[in-house]
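# Chains, contacts and geometry: an overview
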Amino acid sequence: MGILRRIDPSMQMTGLLRYQLFLSIAILFLGVWRASITRLATIQNTLSTTLSIDPSTTKILVNYLPLWAIILLGIYALSSVLYKVATFGDCPEAAVELSGQIEEAKQKLTKQGFKF
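The rules behind these values
- Residues numbered from 1 in each chain as written.
- Predicted model: local features only at pLDDT ≥ 70, side-chain atom pairs only at ≥ 80, totals over all residues.
- Heavy atoms only, no water.
- Helix = DSSP H or I, 4+ residues; strand = E, 2+ residues; numbered from the N terminus.
- Buried < 20%, exposed > 50% of the residue type's maximum accessible area, 1.4 Å probe, protein only.
- Patch = residues over 30% accessible without salt bridge, like charges linked within 9 Å, V, L, I, M, F, W, Y side chains within 5 Å.
- Areas by Shrake-Rupley, 256 points an atom, 1.4 Å probe, with all protein chains shown as cover.
- Salt bridge = Lys/Arg side-chain N within 4 Å of Asp/Glu carboxyl O.

### Focus on the overall build of the protein
Broken down by element type, the protein carries five helices and zero strands. The secondary structure elements of the protein, listed N-terminal to C-terminal, are α-α-α-α-α. Expressed as a percentage of the 116 residues in the protein, the buried residues total 5%.

### Notes on the side chain of S36
With respect to the secondary-structure elements, S36 resides in helix α1 (residues 9-38). Look at S36 and you get buried, because its relative accessible area is 15%.

### Section: a nonpolar patch on the surface
Where nonpolar side chains cluster on the molecular surface, the patch consists of I60, L61, Y64, L65, L67, W68, I71, L72 and I75 and spans about 890 Å² of accessible area. Sorting the residues of the nonpolar patch by element identifies α3 (55-63) and α4 (65-86) as the ones contributing at least two each. Top element by residues in the nonpolar patch is α4. It accounts for six residues. Among the structural elements, I60 can be located in helix α3.

Shown next, in the form of structure tokens:
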């Protein structure tokens, strides 16, 4: 079969569902953003009367909403990676095995003329 491997169908489905979920949320967000852009005057009037927010501030917030979403997504991704790295567990058995493999590789390379 060569490079091609048999992939578990349940793993394919999980990846597909994650992709579909992300895509559906993105389409929903863009639809809401587009509706906000087309009804910007109504949003400005509502926010200026109820929350006393300046209409120019509202326009900036609505226009750059996708940029804010991308920035927040990046912050979430970075924080989740940093959390996973910070809570990564030690594997003493793997460390011993790796040390043995390193020593074995050094011995083989020494036989071939390398110096350490």
